[in-house]
Amino acid sequence: MEFLGELERIFATSLYPLRVPIAIGLVVALVVLIAFARRRGWFAAARRHPARTIALVLALLAVGLPVGWYLGSPLFIRTSLVEPAPSAPTTAMTPAPETAGPTRSGQFTGADEFHFGGGTASLIETAPGTWTLRFEDFSVRNGPDLFVYLSPNPAGYAADAIELGTLKATDGAFNYDIPAGTDLENVRSVIIWCKGFAVLFAVAPLS
């Protein structure tokens, strides 16, 4: 999976910015390939051996479609979720629950042009020793196997980052409970991380 992650990073940083000329080049290459195949008689050979041709096409589809869907579907699938903001605890001085305010927060940015990200991440203390991570006006590029982490690295992932769970949605406002006893003094950022391919999608440095 790390190998695929490296390929994905190369695509995001080197190839994606050149997507328009690359797309034009692929179309031209496809036209040239079709013309070459016709001159070499490949289409006629395929018609002479329909059973082999169908078997080859089915084998390619059986492998290509699931892999293509897993890798490509996040590019156009979006999800949205809006959860209520965390409330401050009820006390004798505040009989009605109030919205708790952020203690530390930061703005999301994408890891590169392809992995866009935006919105606010806030650490909110809803009761003594009880913390919630809140996303507001959040949006990120979708991807396979995305998770939310609290990281000691202000710029991205670290080996001792704390996993909070899968990303609930690509857009919206929602919360994550932070495990009791978590040492938030060492937390420097909130990140969106593709666990399967070890790729950073977005980071929000906290201050």
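The shown structure was predicted, so the numbers you read here are calculated from the model rather than taken from an experiment.

J.: Hey, could you go over the sheet that holds strand β3 (residues 109-110) for me, with residue numbers and the actual values?
T.: Adjacent strands of a sheet form backbone hydrogen bonds with each other and so pair up, either parallel or antiparallel. Read from one edge of the open sheet, 5 strands run β3-β10-β9-β6-β7, paired in antiparallel fashion. Across the chains shown, the open sheet's two edge strands, defined by having one partner strand only, are β3 and β7 (162-166). Examined bridge by bridge, strand β6 (residues 146-151) and β7 share 4 bridges and lie antiparallel to one another. Bridged to Y149 within β7 is E163.

J.: I'd love a proper account of the nonpolar core, names of residues and values included.
T.: The biggest cluster of nonpolar side chains holds 27 residues, and the ones touching the most others in it are L133, F135, L167, V190 and I192. Taken together, the elements giving at least two residues each to this core come down to β4 (117-127), β5 (130-140), β6, β8 (171-177), β9 (189-194) and β10 (199-205). Once residues within four sequence positions are removed from consideration, I192 is found in contact with F108, F135, F138, L146, F147, V148, L167, V199, L200, F201 and A202. Residues F147, Y149, I191 and V203 belong to the second largest nonpolar core, which totals 7 residues.

J.: Describe unusual backbone geometry, and please don't skip the residues or the numbers.
T.: The phi angle at D137 is positive, at roughly 50 degrees, despite the residue not being glycine. By secondary structure assignment, the location of D137 is in strand β5. Phi is positive for D145, close to 65 degrees, though the residue is something other than glycine. We classify D145 as partly exposed; its relative accessible area is 32%.

J.: Tell me about the pairing of β10, residues and numbers included.
T.: The element β10 is largely enclosed, with a buried count of 6 among its 7 residues. With 6 bridges joining them, β9 and β10 adopt antiparallel strand pairing. Pairing of S189 across the sheet is with P205, part of β10. Between β9 and β10, which follow one another and run antiparallel, lie 4 residues, and A198 among them has a positive phi close to 55 degrees.

J.: Any details on the packing of aromatic side chains? Residues and values, ideally.
T.: Taken as a whole and assessed by the stated rule, the structure comprises 9 aromatic pairs. Measuring from centroid to centroid gives 5.7 Å for F135 and Y176, while their planes differ by 55 degrees, and the two rings are tilted. Residue F135 is found in strand β5, and its partner Y176 is found in strand β8; the two are separated by 41 residues along the sequence. Judged by relative accessible area, Y176 falls into the buried class, the value being 4%. Ring geometry for Y149 against Y157: centres 5.5 Å apart, planes inclined by 90 degrees, an arrangement best described as edge-to-face.

J.: A description of a nonpolar patch on the surface should follow, citing residues and the corresponding values.
T.: On the surface, L30, L33, I34, F36, W42 and F43 cluster together into a nonpolar patch covering about 600 Å² of accessible area. Put simply, the parts of the chain that give the nonpolar patch at least two residues each are α2 (19-40) and α3 (42-48). The biggest single contributor to the nonpolar patch is α2, with 4 residues. You can see F43 is positioned in helix α3.

J.: Give a description of the pattern of salt bridges that names residues and reports values.
T.: Applying the stated rule across the entire model yields 4 salt bridges. Ionic pairing is found between R78 and D171, a salt bridge with its closest N-O pair at 3.0 Å. Highlighted residues: R78 in the loop between α4 (50-72) and β1 (80-82) and D171 in strand β8, separated in sequence by 93 residues. In this structure, the salt-bridge partner of E136 is R134, at a minimum N-O distance of 2.8 Å.

Reading guide: rules and limits
All residue numbers refer to positions counted from 1 along the written sequence of the respective chain. Per-residue local features of the predicted model are confined to residues with pLDDT of at least 70, and side-chain atom pairs are confined, for both listing and counting, to 80 or more; whole-chain, interface and lining totals are unaffected and use all residues. Derived side-chain values reflect all non-hydrogen atoms in the structure, with water molecules and hydrogen atoms excluded from consideration. Strand pairing is assigned whenever DSSP identifies at least 2 bridges connecting the two strands. Think of it this way: any DSSP run of H or I at least four residues long counts as a helix, any run of E at least two long counts as a strand, and we number them from the N terminus. Take the buried residues of types Ala, Val, Leu, Ile, Met, Phe, Trp, Tyr and Cys, join any two whose side-chain atoms come within 4.5 Å, and each joined set is a nonpolar core. Only protein chains enter the area calculation, which uses a 1.4 Å probe; residues under 20% of their type maximum are buried, those over 50% are exposed, and those in between are partly exposed. A contact between two residues is defined here by any heavy atoms of the two lying within 4.5 Å. Between 30 and 60 degrees the pair is tilted, below 30 it is stacked and above 60 it is edge-to-face, where a pair is any two Phe, Tyr or Trp rings, Trp via its six-membered ring, whose centres lie within 6.5 Å. A patch is a set of surface residues, each over 30% in relative accessible area and not in a salt bridge, joined within 9 Å for like charges and within 5 Å for the nonpolar side chains Val, Leu, Ile, Met, Phe, Trp and Tyr. Here the accessible surface of atoms and residues is derived via Shrake-Rupley with a 1.4 Å probe, and residues count as covered only by protein chains that are part of the display. Put simply, a salt bridge is a Lys or Arg side-chain nitrogen that is within 4 Å of an Asp or Glu carboxyl oxygen.

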